[in-house]
Amino acid sequence: MKFKILVILLSLNISVLAQINGNRIELSASGTFGLVNSSYESSSPNYNYTSEGKFNYYILSNIRFGYFLNTHFEIEPEIQLLFLENIDPTYSINGNITYNFDIDSSKLKPFLLVGYGIGNAVPIFVSLIPQDLVENNSLTVHQINIGFGLKVFVTDDIAIRIEYRFRQYKYDKNYLNISTVEKYTRTFHNILFGISFFL
């Protein structure tokens, strides 16, 4: 048993000189499990209403295709699937720009990420808002992505990816016939765990 632990500890300390050059491709997938809550606001000439939702469980998964412009900058299109407790799945298509830091002679590659996306719904309370968009597969919900993380290379072409993501969904709906505006907002804080393959 002690010998197995020693082998694992030694393997974790092997220095992998992972050089990320321009024109390389990063294929990655990651996911997380957590809790989320939301807020709702509605206003019209006659009344104003706001509400805070309860916490719900969710599973979030991402599939990415990254393309390195140079050693540091990466364009990272992403498909995101969200499975929230008691409701139908939602999805979004995101465009991210990632800056990868280079630490000499290290298998660790920190990165920063910012992006924007569109999706089919704001998952809110115990239903998908707006339901008509979900049924018609309309992509009119806006999403902001901000994050940072670490790629830990286990070989020259494979890395474990750990990252924090701040995500905010927004959708506004105007009812012109009754002069009412509804604004939906849902904010996520995620820690994602995944794997990346470099081609």
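As shown above, the structure is provided for reference.
Focus: the nonpolar core
One finds Y58, L60, L82, L84, I87, V141, Y169, Y171, Y184, F188 and L192 forming the largest nonpolar core, which totals eleven residues. Breaking this core down by element, the ones donating at least two residues are strand 4 (56-68), strand 5 (73-84), strand 11 (158-175) and strand 12 (180-198). In terms of residue count, the dominant contributor to this core is strand 12 (three residues).

Side note on the side chain of K109
In this fold, K109 is placed in strand 7 (residues 108-119). The buried category is assigned to K109, whose relative accessible area is 4%. A distance of 2.6 Å separates polar atoms of two side chains, one belonging to K109 and the other to D102.

Notes on the packing of aromatic side chains
Scanning the model with the defined rule gives five aromatic pairs in all. Ring centres 6.2 Å apart and planes at 40° place the aromatic pair F68 and F198 in the tilted group. Here F68 is found in strand 4, whereas its partner F198 is found in strand 12, with 130 residues between them in sequence. The same class applies to F68 as to F198, namely buried. Ring centres of Y99 and F101 lie 4.9 Å apart, and the angle between their planes is 80°; this geometry places the pair in the edge-to-face category. With a relative accessible area of 26%, Y99 lands in the partly exposed category. Members of the aromatic cluster, each reached through a chain of ring pairs, are F68, F153 and F198. Between the NZ or CZ atom of K151 and the centre of the ring of F111, over which it lies, the distance is 5.1 Å.

What to know about the pattern of salt bridges
Pairing between side chains of opposite charge can happen when their charged atoms approach one another. In total, this model carries twelve salt bridges according to the counting rule given. With its nearest N and O atoms 3.2 Å apart, the salt bridge here joins R161 to E26. Separated by 135 residues along the polypeptide, R161 in strand 11 and E26 in strand 1 (residues 25-36) bring together distant segments of the chain. On the basis of relative accessible area, R161 is assigned to the buried category, the value being 0%. The closest approach of N and O atoms between R165 and E163, which form a salt bridge, is 2.8 Å. Like R165, the residue E163 is buried in the burial classification. Taken together, the salt bridges that share partners define one network made up of E26, R64, E74, E76, E78, K151, R161, E163, R165 and R167.

Rules of the game
- Residues numbered from 1 in each chain as written.
- Predicted model: local features only at pLDDT ≥ 70, side-chain atom pairs only at ≥ 80, totals over all residues.
- Heavy atoms only, no water.
- Core = buried A, V, L, I, M, F, W, Y, C linked by side-chain atoms within 4.5 Å.
- Buried < 20%, exposed > 50% of the residue type's maximum accessible area, 1.4 Å probe, protein only.
- Helix = DSSP H or I, 4+ residues; strand = E, 2+ residues; numbered from the N terminus.
- Polar contact = N/O pair within 3.5 Å; in protein donor to acceptor, adjacent residues only side chain to side chain.
- Phe/Tyr/Trp six-rings, centres within 6.5 Å; stacked < 30°, edge-to-face > 60°.
- Lys NZ or Arg CZ within 6 Å of the ring centre and 35° of its normal.
- Salt bridge = Lys/Arg side-chain N within 4 Å of Asp/Glu carboxyl O.

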